[in-house]
Amino acid sequence: MDLRNSVSIDSELLLLIAKGDRRAFGKLYDQSSQVLFTLSLRMLGDREEAEDLLQEVYTEVWRKSVRYDERRGSTMAWLITLTRSRAIDRLRARASRGHGITDSIDDAPIADTQRHDQTPFDQQADAEIRVMVMKALVELPTAQRQALELSYYEGLSHSEIAERLREPVGTIKTRIKLGMSKLKVALQPCWDTE
Amino acid sequence: MTHEEIEEAIPLYAIGALERSERTVVESHLLTGCGTCHVLAKEYQAVAGLLPFGLRSVSPPSKSKILAAVFENAASAEQSGAAVADGLGFGAWINELLSSFIKPSLQPVISVVLLILLTGTGWYAWMTHRQVADEAAQREQIETALHDASTRTAALQQDLRQEEQALASLKEEVEHRIGTVSDTRNKLIEREAELDVVREELSRREQEIAGLRKALGQRDDMLTFLRSAHVKVVSLAGAESAKSAGAFLLYDHETKKAFFYAFNMPALPPGKTYQLWAIVDKPMSAGTFRTDSGHKSRVVLKDLPDLSRISQFAVSLEPEGGRPQPTGTIYLAGQT
């Protein structure tokens, strides 16, 4: 699959899909399935369940693409949010008899785009973005990266992370803030349109 | 939460690490239209949205499989929805329609006929629609499979190109290595030739050293004789055939050894040698010798008779290997 397409999706596709255009839907799958499946597998850790999740996400996209609001963020960001939300739902169901996990971020808004009409996904990104993200993550201190991953991929809140790592909540918050701040600086070129 | 606390919470909000109550506060604040926090949230959510691209990519499941399941699920959902929408009192509606221009007595019959006609038409339309939908789904699956095959072919072609490039690089590397080995071999041959020259030089130097050692030994012998208190000197003068030649003999009574030194000796003809004689009652051979490049000879003599018994020393030119008695020309002679 073309890497460029994996980070940037034409929002017109969702308009066509909303009209029942199966060819457009197939194109959307080509452009997004790799990253969504990679994310699903990372979060669920089971290939069969990740496939099931992928099917669930695309079914929802096919039936509810009309709900997509371009003003709230890029197509890829919406798909990632949807996938992550459904994955967290499954993790929460899986852990329902054990520790609770954080609430789904299903409704978490993609930030308003009055000044930033294009997110990094909408830009003409290419494989450099992947390299940049990997490099930025590798260069983070292990403790900060671990806190970010527990939150993003396992859906844990800061207090749940603190409990799991047996660290003070303040320490976890600081690690997440520092980690995100470093990533923001390192990945600035990804959405810098200038 | 103060505005500063909200700002600090935005990175955690973007990655989903806030508790529900905290998240609600942040979202409420964003809804107020705070520009600074909107920009921050936008940037940090963009960061969070990029995180999956840092994962090692995994190939997704077959496109045709997922899409077929999606369309099947969607079709099932539509059918169940349509079933709920039916039952709108069609009979009542048709009766109402017919009552305005058909006799009431015929209305039930006409209604039934029309109902059957419309039902049949509807059934036919539904079946046709399903057939068209099925054909469209099949066509979509075929197109999807074709697209997958094209994608795989393109991937294989790309792999092939990469393999060819790798092979070309490998070939170039091998050629480079062969060139390097050839250069090394040539250098080795040159070094071996230089080594041969050095060996020859070393051999020549060793010969020179051996000659010098021999000369040094002879000088040491002569010095030993000269230092001895028991040495007597006998001079030999050149005969008619070698007037400029001369020699002397240092004889040690204690050891019965002698050191013989000759100079200005004529060059030896081929197959000839000089032979030294000690004349007692008759000539006794004291040994043969040759001359060096300076026409000089140095010889240490052993087991000589007592000097008091020797009346004379002489040197004659003899055939190679010497003779029991003098046969050739006398070159040197001297009385004891």
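The structure this text deals with has already been given above.
Residues numbered from 1 in each chain as written. Chains lettered and ligands numbered in written order. Predicted model: local features only at pLDDT ≥ 70, side-chain atom pairs only at ≥ 80, totals over all residues.

Student: In this structure, what is going on with the overall build of chain B? I would like to understand it.
Tutor: Assigned secondary structure in chain B consists of six helices and eight strands. Going from N to C terminus, chain B has its helices and strands arranged as α-α-α-α-α-α-β-β-β-β-β-β-β-β. Per-residue burial over chain B gives 20% buried out of 336 residues. (Helix = DSSP H or I, 4+ residues; strand = E, 2+ residues; numbered from the N terminus. Buried ≥ 20, exposed ≤ 12 C-beta atoms within 10 Å, placed from the backbone.)

Student: Please clarify how the overall build of chain A should be interpreted in this entry.
Tutor: If you tally the helices and strands in chain A, you get ten helices and zero strands. Along chain A, helices (α) and strands (β) appear in the sequence α-α-α-α-α-α-α-α-α-α when read from the amino end. Burial statistics for chain A: of 194 residues in total, 47% are counted as buried. Summarising the internal contacts of chain A: among those between residues at least 6 apart in sequence, 69% fall at separations of at least 24. (Contact = placed C-beta atoms within 7 Å.)

Student: Teacher, can you tell me more about the nonpolar core here?
Tutor: As a rule of thumb, nonpolar side chains are buried together in soluble globular proteins. Core analysis: the largest hydrophobic core is formed by 73 residues, its most contacted members being I10(B), A14(B), I15(B) and V47(B). Among the elements that make up this core, the one with the highest residue count is helix α3 (residues 22-44) of chain A (ten residues). Filtering out sequence-adjacent residues up to four positions away, A14(B) remains in contact with M180(A), A41(B), Y44(B), Q45(B), V47(B) and A48(B). (Core = buried A, V, L, I, M, F, W, Y, C linked by C-beta atoms within 7 Å.)

Student: When you look at the interface of chain B and chain A in this model, what are you seeing that I'm missing?
Tutor: Interface size is often expressed as the accessible area that is lost when the parts come together. With 41 residues of chain B in contact, the opposing surface of chain A contributes 56 residues. Secondary-structure elements contributing two or more residues to the side of chain B that touches chain A are α1 (3-15), α2 (20-31), α3 (35-50), α4 (63-85) and α6 (107-227) of chain B. Ranked by the residues each element gives to the side of chain B that touches chain A, the list is headed by α3(B), at eleven residues. Each residue belonging to the side of chain B that touches chain A can be placed in one class, and the counts come to 25 nonpolar, eight polar and eight charged. (Nonpolar A, V, L, I, M, F, W, Y, C, P; charged D, E, K, R; others polar.)

Student: Mind showing me how you'd approach the pairing of strand β3 (residues 257-263) of chain B here?
Tutor: Consecutive side chains along a regular strand alternate between the two faces of the sheet. Residues and elements named next belong to chain B. Two elements, strand β2 (residues 246-252) and β3, share seven bridges in a ladder whose sense is antiparallel. What sits directly across from D252, in β3, is K257. With five bridges connecting them, β3 and strand β6 (residues 297-301) associate as antiparallel partners. Opposite F259, over in β6, you have V300 as the bridge partner. (Pairing = 2+ DSSP bridges.)

Student: What should I look at first to understand the sheet that holds strand β1 (residues 231-238) of chain B in this one?
Tutor: Sheet strands pair via backbone hydrogen bonds, and the direction of the pair is either parallel or antiparallel. Residues and elements named next belong to chain B. With antiparallel pairing, the eight strands of this open sheet are ordered in space as β5-β4-β7-β8-β1-β2-β3-β6. Lying at the two open borders of the sheet, with one neighbouring strand each, are β5 (283-289) and β6. Ignoring which end each strand starts from, the neighbouring axes of this sheet average 20 degrees apart. Direction of pairing for strand β4 (residues 272-279) relative to β5: antiparallel, over a ladder of six bridges. Pairing of Q275 across the sheet is with T288, part of β5. (Axes fitted to C-alpha atoms, helices over the stretch in contact; angles between N-to-C directions.)

Student: How should unusual backbone geometry be read in this particular structure?
Tutor: Residue and element names in this part refer to chain B. Positive phi, close to 55 degrees, is recorded for N264, a residue that is not glycine. Residue placement: N264 occurs in the loop between β3 and β4. Overall, N264 belongs to the partly exposed group, with 15 C-beta atoms counted inside 10 Å. Residue H295 is not a glycine yet carries a positive backbone phi of 60 degrees. Its place among the elements puts H295 in the loop between β5 and β6. We classify H295 as partly exposed; it has 16 C-beta atoms within 10 Å.

Student: Would you explain the packing of α3(A) against helix α4 (residues 47-64) of chain A in this entry?
Tutor: Axis angle and axis distance: for two packed helices, these are the angle between their axes and the distance between the axes, and together they describe the pair. Residues and elements named next belong to chain A. Where α3 meets α4, the closest approach of the two axes is 9 Å, and the angle between their N-to-C directions is 140 degrees. Judged on the interaxial angle alone, α4 and α3 are oblique. Both α3 and α4 take part in a crossing whose hand is right-handed. Across the interface between the two elements, F25, Y29, S33, L36, F37, S40, L41 and L44 from α3 touch R47, E49, A50, L53, L54, V57, Y58 and W62 from α4. Here the residues of the contact of α3 with α4 are counted per class, giving twelve nonpolar, two polar and two charged. (Parallel < 35°, antiparallel > 145°, perpendicular 65-115°, else oblique. Left-handed = near helix turned anticlockwise from the far one by under 90°.)

Student: Please clarify how the pairing of β4(B) should be interpreted in this entry.
Tutor: Residue and element names in this part refer to chain B. Across eight bridges, the pairing between β4 and strand β7 (residues 312-319) is antiparallel. Note that in β7 the partner of W277 across the bridge is A314. Counting the residues that bridge the hairpin from β4 to β5 gives three residues.

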